[in-house]
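# A closer look at the structure
Here is how the chains run, residue by residue.
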Amino acid sequence: MDTGTGTGSNSQSSTAGAVNSEQSASQNHRQKSDIAWKYCSEGVNSQGRRTLTCGYCFKVIAGGGIHRMKQHLAGEQGSIVPCSKVDPAVRHAILASMKEKEQKSKEKKGDFGVENPFGHTTHSFDGDEVLEIPSSLANKMGSSSKGKRKVTASTGIRAFFKGGCDTSQPTIKACLQSKEKWENTDMAIALWFYDACIPINAVNSPFFQKAIDQIASMGHGYKSPSYHSLRVNLLRNAKRDVKLVVDSFRSTWTETGCTIMGDGWKDTRQRPLINFLVYCPKGISFIKSVDASDIVTSAANLCNLFAEIVEMVGSNNVVHLVTDNASNYKAAGSLLSERYPNICWSPCAAHCINLILKDIGEMNDVKAIVSLASTVTVFIYNHKFTLNWLRKTTGWKEIIRPGETRFATTFIALKSLHDHKDSLQSLVTSGDYKQFLRIEKGKDVKQIVLDERFWNNCLIMVRIMGPIIRLLRICDTDERPSLGYVYEGMFRAINGIKRLFRNKERLYKPYIDIISDRWDRMLRKNLRAAAYYLNPAFQYESATFCTHPEVINGLLDYIETKVDWCNPEKLSQEVGMYRERQGSFGRKLAILTSKSDRPGYLYFF
């Protein structure tokens, strides 16, 4: 009996050992498939612990497994000393492998990330994130035409539709439909898009899903509107509805005041046109478009045009006029301020910042860096083999190429090229690139890509321009008024450049002189100092708030210009309450939302 038991036990033990051995072999096989095993060797130290030895610098790593070796090869700082001898192509491959593994891990956990609601990508400039300039912004900076502003729910989208079904959840009938029926419906919509050459991003319109819901609510047998109806009747009705939405803003203009924006551009026939828009806390509305061919050259004629728009909106409702900063617009703005003392004119901040970028881009040192970067980019995109080679690398994204008149994209292109440093160095050091060494430009490109001074200069330029491009994004966005952020953003950019060069005047002076020249002549106004003071996002940050006399003097000077149509004593009293957080300014809700809510400084006066 004991013998029988022992035999059974030995048999079970043998079977379990075989299973464990098989599982161990399978596990080792999976582990050995990692890309990092090609560049290290495995061993055992004197304590019996498993070690890994780097194949490049021969550093011995005990503990941490293959992931720690990957961090060593990838050059990650902090957890382990990075390998200084690893091949750039290997480092790039290891980094790509780690990113892919991290992404898969997130997907397993159900974390797929949050899509940017504005459809923009981000780039990091010196530790901060900046939104990369989208096509709409690029068009604003350099193109002759403007894109349509996005319609949001705040502009009265619900006013365009009457009735309709509740879309918060599908109906029982929709839930009971087969998968094939859903696919056929989707395909019908897709074929319409493809046949009519409708841009795919049209589905992002807030009206798209609403239109689908309205069709579904009509039931079987609904016929689409005719060509004539879309062109005449429905267009007329839509215009009427939009007018009602704009008219609903007029009460806000009277209550809070508003800003008139003159947006100058040229059409395909090179005619100078001016679009006039009105901004108030409720939203932006289009008022009128004027052909300024016979007006734009004369400051008096421009002033009369601005006065006409002011009367349309209401002279008592307008507190601010923003136009381009050309000399004729500046003169017209001064004439308008004399005619209407309650209206303050200021140049477009985004236009001024674009001119700063243009001036810096024309510096000899910057031109040299941009020229070298352009040589690399043009060579890559002019040769199919190099471009295809790079596109096959893991995680490749296209290199941004600068536009001829889009000044900010020049520096964003430098950032994009610097992000591809490892891939480009892997390309020029690979055996496949030898065929291009017979070409003079191919040799030049290899020399540029392997020159660390070139990459350092690119990085320095990106860090210099990062704060300025961030300020440009703030000034060119429709999400919130930028007036109260320009003063702080400009001085943050200036101080950042000084810190970058460790306060060595001979290094930062050429850049600061260009910025200060445009800032002092165009943007350094009492209005912007007052707006900075009245922005709670900065006022209540005692550690960072600027206490320079220029700020409070700018506020007081601006108040003194408005004594004819407001009560200065009451205004000063309210400013004191605001500064000391008395009354409603000290409520918990006001404190919590002081940084997130849109400041109402523009209409304080």
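The structure displayed is predicted, hence computed values, not measured ones.

## Some words on the overall build of the protein chain
A tally of regular secondary structure across the protein chain gives 24 helices and ten strands. Residue burial in the protein chain is summarised as follows: out of 605 residues, 36% are buried. Taking the contacts inside the protein chain whose residues are at least 6 apart along the sequence as the reference set, 61% of them involve residues at least 24 apart. Accessible surface, the protein chain as shown: approximately 35900 Å² in total, 52% of it carbon and sulfur.

## Observations concerning the sheet that holds strand 6 (residues 258-266)
Pairing between the strands of a sheet comes from backbone hydrogen bonds, and it takes one of two forms, parallel or antiparallel. Spatially, five strands are ordered 8-7-6-9-10 in an open sheet, and the strand pairing comes out mixed. Strands with a single pairing partner mark the edges of an open sheet, and in this sheet they are strand 8 (283-291) and strand 10 (344-347). Strand-to-strand twist across the sheet, computed as the mean angle between neighbouring axes with direction ignored, equals 20°. When strand 6 meets strand 7 (residues 272-280), the two strands line up antiparallel, connected through eight bridges. Among the inter-strand pairings, glycine 262 is bridged to a residue of strand 7, identified as phenylalanine 276. Lying on the sheet, helix 8 (residues 227-256) is in contact with strand 6, strand 7 and strand 8; it crosses strand 8 at an angle near 105°.

## Observations regarding the packing of helix 18 (residues 483-500) against helix 19 (residues 505-523)
Interaxial distance between helix 18 and helix 19 falls to 10 Å at its minimum, and their mutual angle equals 165°. Between helix 18 and helix 19, the crossing angle belongs to the class labelled roughly antiparallel. At the point where helix 18 passes helix 19, the crossing takes the left-handed sense. Side by side, helix 18 and helix 19 meet where Val486, Tyr487, Met490, Phe491, Ile494, Ile497 and Lys498 of the first sit next to Tyr508, Tyr511, Ile512, Ile515, Trp519 and Leu523 of the second. Residue composition of the contact of helix 18 with helix 19, grouped by class: twelve nonpolar, no polar and one charged.

## Quick notes on the pattern of salt bridges
Evaluation of the coordinates by the stated rule reveals 18 salt bridges. A cluster of three or more residues bridged by salt bridges with shared partners is formed by Lys243, Asp247 and Arg250.

## Some details on the packing of aromatic side chains
What characterises a pair of aromatic rings is the spacing of the ring centres plus the angle enclosed by the ring planes. Inspection of every chain in the model, using the stated rule, returns 20 aromatic pairs. Seen from their ring centres, phenylalanine 379 and phenylalanine 436 are 5.8 Å apart, and the 80° between their planes marks the pair as edge-to-face. One end of the pair, phenylalanine 379, is in helix 12 (residues 364-382); the other, phenylalanine 436, is in the loop between helix 15 (421-428) and helix 16 (440-449), with 57 residues separating them in the sequence. What makes phenylalanine 436 buried here is its relative accessible area of 6%. Relative to tyrosine 511, the ring of phenylalanine 501 has its centre 5.9 Å away and its plane inclined at 15°; by these criteria the two rings are stacked. One end of the pair, phenylalanine 501, is in the loop between helix 18 and helix 19; the other, tyrosine 511, is in helix 19, and ten residues separate them in sequence. The burial state of phenylalanine 501 is the same as that of tyrosine 511; both residues are buried.

## Comments concerning the nonpolar core
Counting residues in each nonpolar core, the largest one holds 75 residues, and the members touching the most others are Ile360, Phe411, Met461, Met465, Ile468, Met490 and Tyr511. Among the elements that line this core, the one with the most residues is helix 17 (residues 452-475), at twelve residues. For methionine 461, the contacting residues outside a window of four places in its chain are Val366, Ile369, Phe411, Leu414 and Tyr511. The next biggest cluster of nonpolar side chains, apart from the first, holds 30 residues, and it includes Val278, Val310, Tyr329 and Leu336.

## Points about the side chain of lysine 70
Mapped onto the elements, lysine 70 comes out in helix 2 (residues 65-74). With residues up to four places along the chain from it excluded, the contact list for lysine 70 reads Asp34, Ala36, Ile94, Ser97, Met98 and Lys101.

## Quick notes on the sheet that holds strand 2 (residues 50-54)
Ordered by their spatial adjacency, three strands build an open sheet running 1-2-3, and the pairing between neighbours is antiparallel. Strands with a single pairing partner mark the edges of an open sheet, and in this sheet they are strand 1 (40-44) and strand 3 (60-62). In this sheet, neighbouring strand axes are inclined to one another by 30° on average, regardless of whether the strands run parallel or antiparallel. Across five bridges, strand 1 lies against strand 2 in antiparallel orientation. The partner of glycine 43 across the bridge, within strand 2, is threonine 51. Relative to the sheet, helix 2 contacts strand 1, strand 2 and strand 3, its axis offset from that of strand 2 by approximately 20°.

Rules behind the numbers
Residues numbered from 1 in each chain as written. Predicted model: local features only at pLDDT ≥ 70, side-chain atom pairs only at ≥ 80, totals over all residues. Heavy atoms only, no water. Helix = DSSP H or I, 4+ residues; strand = E, 2+ residues; numbered from the N terminus. Buried < 20%, exposed > 50% of the residue type's maximum accessible area, 1.4 Å probe, protein only. Contact = heavy atoms within 4.5 Å. Areas by Shrake-Rupley, 256 points an atom, 1.4 Å probe, with all protein chains shown as cover. Pairing = 2+ DSSP bridges. Axes fitted to C-alpha atoms, helices over the stretch in contact; angles between N-to-C directions. Parallel < 35°, antiparallel > 145°, perpendicular 65-115°, else oblique. Left-handed = near helix turned anticlockwise from the far one by under 90°. Nonpolar A, V, L, I, M, F, W, Y, C, P; charged D, E, K, R; others polar. Salt bridge = Lys/Arg side-chain N within 4 Å of Asp/Glu carboxyl O. Phe/Tyr/Trp six-rings, centres within 6.5 Å; stacked < 30°, edge-to-face > 60°. Core = buried A, V, L, I, M, F, W, Y, C linked by side-chain atoms within 4.5 Å.

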